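Each chain is listed here by its residues.
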Amino acid sequence: MTAVIRQHILRPVAAMIVALTAGLVARGQTDAQYTQYYEAPAVYNPSMIGDQDGIRMRAGGRLQWVGIDNAPQSFMLSANMPLQLIGKRFGVGLMAQQQSAGLFRDLTVGVQAGYRQKLFKGELSAAVQIGFANQVFKGSDVYLPDDDDYHEGTDDAVPTTDLSGNSLDLGVGVSYTHKWFWAGVSCTHVNNPTITFADENGVTGSGSTATTAKNYELTLRRTLYFMAGSNIPIKNTLFEVMPSLLVKTDFTFTRMEANARLRYKKFLTAGVGYRHDDAVSVMLGAEFKGFFIGYSYDYPITAISKASSGSHELMLGYTVKLKMDKKNNNKHKSIRIM
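Source: prediction; values computed, not measured.

What counts as what
- Residues numbered from 1 in each chain as written.
- Predicted model: local features only at pLDDT ≥ 70, side-chain atom pairs only at ≥ 80, totals over all residues.
- Heavy atoms only, no water.
- Salt bridge = Lys/Arg side-chain N within 4 Å of Asp/Glu carboxyl O.
- Helix = DSSP H or I, 4+ residues; strand = E, 2+ residues; numbered from the N terminus.
- Buried < 20%, exposed > 50% of the residue type's maximum accessible area, 1.4 Å probe, protein only.
- Core = buried A, V, L, I, M, F, W, Y, C linked by side-chain atoms within 4.5 Å.
- Contact = heavy atoms within 4.5 Å.
- Pairing = 2+ DSSP bridges.
- Polar contact = N/O pair within 3.5 Å; in protein donor to acceptor, adjacent residues only side chain to side chain.
- Patch = residues over 30% accessible without salt bridge, like charges linked within 9 Å, V, L, I, M, F, W, Y side chains within 5 Å.
- Areas by Shrake-Rupley, 256 points an atom, 1.4 Å probe, with all protein chains shown as cover.

A.B. asks: Can you walk me through the pattern of salt bridges in this structure?
C.D. replies: Opposite charge on two side chains allows them to pair when their charged atoms are near. Taken as a whole and judged by the stated rule, the model has 14 salt bridges. In this structure, the salt-bridge partner of arginine 263 is glutamate 240, at a minimum N-O distance of 3.4 Å. Residue arginine 263 is found in strand 15 (residues 254-264), and its partner glutamate 240 is found in strand 14 (residues 239-249); the two are separated by 23 residues along the sequence. The class for glutamate 240 is buried, based on a relative accessible area of 6%.

A.B. asks: Help me out: how do you make sense of the nonpolar core in this one?
C.D. replies: As a rule of thumb, soluble globular proteins bury nonpolar side chains together. Grouped together as the largest cluster of nonpolar side chains are 19 residues, with contacts concentrated most on Tyr34, Tyr37, Val43, Tyr44, Met76, Met227 and Leu246. Once residues within four sequence positions are removed from consideration, valine 43 is found in contact with Met76, Ser78, Met95 and Gln97. Listed in part, the twelve residues of the second largest apolar core include Phe104, Ala133, Leu163 and Ile195.

A.B. asks: Mind showing me how you'd approach unusual backbone geometry here?
C.D. replies: Note on backbone geometry: most residues besides glycine have negative phi, and most peptide bonds are trans. Positive phi is not limited to glycine here, since tryptophan 65 has a value of about 55°. With respect to the helices and strands, tryptophan 65 occurs in strand 1 (residues 54-66). Non-glycine residue phenylalanine 120 carries a positive phi angle of around 50°. By secondary structure assignment, the location of phenylalanine 120 is in the loop between strand 4 (104-119) and strand 5 (122-137). Under the relative-accessibility criterion, phenylalanine 120 is labelled exposed at 67%.

A.B. asks: Before we go on, may I ask you to explain the pairing of strand 6 (residues 163-177) in this structure?
C.D. replies: Within a regular strand, the side chains alternate between the two sheet faces. Where strand 5 meets strand 6, 15 bridges bridge the pair, whose relative direction is antiparallel. Bridge pairing in strand 6 links valine 136 to serine 164. When strand 6 meets strand 7 (residues 181-188), the two strands line up antiparallel, connected through seven bridges. Bridge pairing in strand 7 places glycine 171 opposite threonine 188. If you look at the hairpin formed by strand 6 and strand 7, you'll find three residues sitting between the two strands.

A.B. asks: I keep staring at the environment of threonine 254 and nothing clicks. Help me out?
C.D. replies: Looking at where threonine 254 falls in the secondary structure, it is placed in strand 15. Classification of threonine 254 as exposed rests on a relative accessible area of 55%. Separated by 29 residues in sequence, threonine 254 and tyrosine 225 place their C-alpha atoms 9.9 Å apart. Ignoring sequence-local partners within four residues, the contact set of threonine 254 consists of Val247, Lys248 and Thr249.

A.B. asks: Teacher, can you tell me more about the side chain of aspartate 53 here?
C.D. replies: Topologically, aspartate 53 is positioned in the loop between helix 2 (19-27) and strand 1. Of note is the side chain of aspartate 53, whose polar atom sits 3.0 Å from the side chain of arginine 89.

A.B. asks: Whenever I open this one, a nonpolar patch on the surface confuses me. Can you help?
C.D. replies: Taken together, the side chains of Ile234, Leu238, Phe239, Leu262, Tyr264, Phe267, Leu268 and Phe288 present a nonpolar region at the surface, about 700 Å² in accessible area. Structurally, leucine 262 can be placed in strand 15. For leucine 262, a relative accessible area of 36% puts it in the partly exposed group.

Any link to function would need more than the numbers given here.
What follows is the structure, given as structure tokens:
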């Protein structure tokens, strides 16, 4: 039985439990969405690792569409560092992101490794990510009304037990970092992983309604990302303008977002952003002696605004400086943290 979750679970269950979940799937939002993507780009592009001489750690959480029951909530973790081997510069990292929406929970974990090469006064990086994806469907929370002509409380196509499944998940990325700009292209879920679900007991339902276990499938869409940004000092001032852009597509749906931030004395940052056909954003951040804290607020510009007051996001981080080999001719500071 193929695509049963989409055909027999998402539409009836999401329509009754939370219409939001169906909206998420229709838009193809496989990866969690973060307004402060520029602070943890390695979550989407593994080549953005080891781009500075330190262990860079970021953790963030997002409450999307506050005011709507069962709206998406997500958490991410990213840590990476440079590595000097045989006179060459490499990058290694770890990422994890977890998202919940309606009756679905998903977790993606990956280890990252890449090579960095000096090129045209900057650095070209290529990297791969190898990990796994886990999906959970909370069938035990399903409620199917049976007091009308549309719903059937004993629909065998909808599981009433908790289901879960895992699959190998791969990603790749290429990026270039220069003194004045950075840019990268990446692809998550390169292998288009299909997760097969089955309940642990081998049956669906209970008592007289128990049936032979069914398999349910969910495919994670291959998603392409393009990210770019710059650092533009304002002459004779202590201010810098930091614009950035993110474009993502699963080859069916495409979304673009752009923002512009202003930083003072490499300490305080404030900015605004726009996500096409979704929201406008404000961002605040501060960095001091390696510690970082950032906050963003998204106000929806679609019909969602009638039910939600917006989305909140908090990002925390710390960078531990490393003393790289003096012979490393590729040392540089990432444009994203200058």
